[in-house]
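Below, each chain spelled out in residue letters.
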Amino acid sequence: MATTLQAVRGMNDILPLQSPAWQHVEDTVRSVLGAYGFQEIRMPIVEKTELFKRSIGEVTDIVEKEMYTFDDRNGDSLTLRPEGTAGCVRACIQHGLTYNQVQRLWYTGPMFRHERPQKGRYRQFHQIGVEVFGLDGPDIDAELLMLTARLWKQLGLSQVSLQLNSLGTRSDRVRFRGALVDYLQQHRDQLDDDSKRRLQSNPLRILDSKNSQTQALLKAAPKLSEYIDAESKAHFEQLLSLLDAAGITYSVNPNLVRGLDYYGRTVFEWVTDQLGAQGTVCAGGRYDVLIEQLGGRATAAVGFAMGLERLIALLESEQVNLPDNAPHVYIVAVGEQAQHRGLLLSEQLRDSVPALRIVTHCGGGSFKSQFKKADRSGAHFALVLGDEELEQGRVGLKSLRQQKDQEMVEFAALPNRLIEIINN
Ligand code: HAM
């Protein structure tokens, strides 16, 4: 017997039973984004490797060790996108979308990172990302956070909290980095291995080390907030007061630095304690220098992305009810004539009752076996058609979920009866 093949480690199938949760999240996000005037953009999944090196940063975990990079048949180095911001910026520069205009954009799709798979962390995962170009004030940062807060509410999620920080400008961070490295060098022997390595490559990332000894050491370290310029400080303070006015609760986390190099000023994460170690469901911030860095005209930018696998796991953990998308009706038809009629009847019903979800039994079989399948389909009602019903010009309507007698309905009265069922 041939061996069966498995999906690649860390890459998951989304099975039919899981789809309603995915669709619920996607539909809700789409409708909330529509309410704020965002437009969808779709980018390729593969980009030139150089794009990610120049945007995410050469010495980040993503670029150093997590990218799916390969040479295509022309010998060009290409990479499966590890995130969406770089491609979105590339597309907007290429098509002139950031030129003298504001863009409020969103995208969704799979992203790829060769991380160690665990609960909530996969090698193929899905994001919905949002990017705004051309606005530099704290009002748009606040709007994005209001949008996400509204989204959690609409999804029925309550176990998320907002952490914020300001990273200041690049030169603020260079000065801070020097002071931080000086301090940590003096206590190098107390650092965990990962932090020792980062001391050379990306010292700011040491701030979000999970190691408790490192965290203790950081208590007396120089603080980023002390190195931030007055303008960035004012920007951040205005953002906080807008959030206060909107009734959005948050905590300022001075150690929040993010793992991608393009950020400056506002950064934020929505986190939950319901999902174990991978508790960040949505993250982002400002990246006002990236567009220029990638060859566009200097344009302010801010955005975020949420991890759909994590949001869906949170929906499950908070036991949020999903909208019912089971078929309203399953047509059970026994006998050649009845089966034929059933197939046509369901078409007519779809014409006259557009909201109807109706499954027609195909493949024949006895009443008993068809009822079993009707039940398994999750349908609320069975429409029963046999020779007798055909002769009488009526169908049987039987609830599959409640103990009730079968009701007989004239063909002509069927659409109205089904509309009642749908609206019930
Ligand atoms: P990120 O923090 O790398 O930011 O990812 C955003 C979110 O994607 C995370 O908070 C998490 O929910 C989800 N995520 C990331 N990696 C994985 C993984 N391996 N498995 C499952 N979920 C994951 C960005 O990607 C930025 N592009 C966000 C952004 C947009 N900033 C500005 N605009």
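An unreviewed UniProt entry annotates the chain as histidine--tRNA ligase of hydrothermal vent metagenome. For the chain, the Subcellular location (unreviewed entry) comment in UniProt is given as "Cytoplasm". A UniProt comment under Sequence similarities (unreviewed entry) is attached to the chain, and it reads "Belongs to the class-II aminoacyl-tRNA synthetase family."

Caption draft 1: Representation of the packing of aromatic side chains within the structure. One pass over the structure, following the stated rule, counts six aromatic pairs. Here arginine 341 stacks its cationic end above the ring of phenylalanine 411, 4.3 Å away from the centre of that ring.

Caption draft 2: Here's a closer look at the sheet that holds strand 12 (residues 329-333). The sheet built from five strands is open, its strands ordered 13-12-14-15-16 with mixed pairing. This sheet does not close on itself; its edge strands, each paired only once, are strand 13 (358-360) and strand 16 (407-410). Averaged over all neighbouring strand pairs, the angle between strand axes comes to 30°, with direction disregarded. In this sheet, strand 16 lies alongside strand 15 (residues 394-399) in antiparallel orientation, the contact comprising four bridges. Bridging across to strand 16, glycine 396 finds its partner in methionine 408. Helix-sheet contacts for helix 12 (residues 336-352) involve strand 12, strand 13, strand 14 (381-385) and strand 15, and the interaxial angle to strand 13 is about 160°. Against the sheet, helix 13 (residues 367-376) engages strand 12, strand 14 and strand 15, with an angle of about 170° to strand 12.

Caption draft 3: Region of the structure containing the packing of helix 1 (residues 19-35) against helix 11 (residues 308-317). In contact at an axis separation of 10 Å, helix 1 and helix 11 are set at 110° when each is read in the N-to-C sense. What the angle tells us is that helix 1 and helix 11 run roughly perpendicular. Judged by residue contacts, Ala21, Trp22, His24, Val25 and Glu26 of helix 1 engage Leu308, Glu309, Leu311, Ile312 and Leu315 from helix 11. Grouping the amino acids of the contact of helix 1 with helix 11 by side-chain chemistry returns seven nonpolar, one polar and two charged.

Caption draft 4: Geometry of the site of the ligand. Neighbouring residues of the ligand: 25 residues in total, closest Glu83, Thr85, Glu115, Glu131 and Tyr263. With respect to the ligand, the backbone of tyrosine 122 contributes an N or O atom lying 2.9 Å from a nitrogen atom. Taking threonine 280, its main chain carries an N or O atom lying 2.9 Å from an oxygen atom of the ligand. Considered on its own, the ligand offers 650 Å² of accessible surface; in the complex 96% of this is hidden by protein. Among the elements of the structure, strand 6 (124-133), strand 10 (280-286) and strand 11 (301-307) are those that each provide at least two residues to the shell around the ligand. With five residues, strand 10 is the largest single contributor of residues to the shell around the ligand.

Caption draft 5: View of the domain arrangement of the chain. Taken domain by domain, the chain comprises domain 1 (18-169 + 228-318) and domain 2 (329-423). Using only C-alpha atoms to locate each centre, domain 1 and domain 2 end up separated by 47 Å.

Caption draft 6: Spotlight on the packing of helix 2 (residues 49-56) against helix 4 (residues 85-94). Running from N to C, helix 2 and helix 4 point in directions that differ by 105°, and their axes come no closer than 9 Å. The angle between helix 2 and helix 4 falls in the class roughly perpendicular. Of the residues in helix 4, those touching helix 2 at Leu51, Phe52 and Ser55 are Ala86, Gly87 and Arg90. Along the lines of polarity and charge, the residues of the contact of helix 2 with helix 4 split into three nonpolar, two polar and one charged.

Thresholds applied
- Residues numbered from 1 in each chain as written.
- Predicted model: local features only at pLDDT ≥ 70, side-chain atom pairs only at ≥ 80, totals over all residues.
- Heavy atoms only, no water.
- UniProt positions renumbered as here; feature names shortened; annotations may be inferred.
- Phe/Tyr/Trp six-rings, centres within 6.5 Å; stacked < 30°, edge-to-face > 60°.
- Lys NZ or Arg CZ within 6 Å of the ring centre and 35° of its normal.
- Pairing = 2+ DSSP bridges.
- Helix = DSSP H or I, 4+ residues; strand = E, 2+ residues; numbered from the N terminus.
- Axes fitted to C-alpha atoms, helices over the stretch in contact; angles between N-to-C directions.
- Contact = heavy atoms within 4.5 Å.
- Parallel < 35°, antiparallel > 145°, perpendicular 65-115°, else oblique.
- Nonpolar A, V, L, I, M, F, W, Y, C, P; charged D, E, K, R; others polar.
- Near = heavy atom within 4 Å.
- Polar contact = N/O pair within 3.5 Å; in protein donor to acceptor, adjacent residues only side chain to side chain.
- Areas by Shrake-Rupley, 256 points an atom, 1.4 Å probe, with all protein chains shown as cover.
- Domains from an automatic or database assignment.

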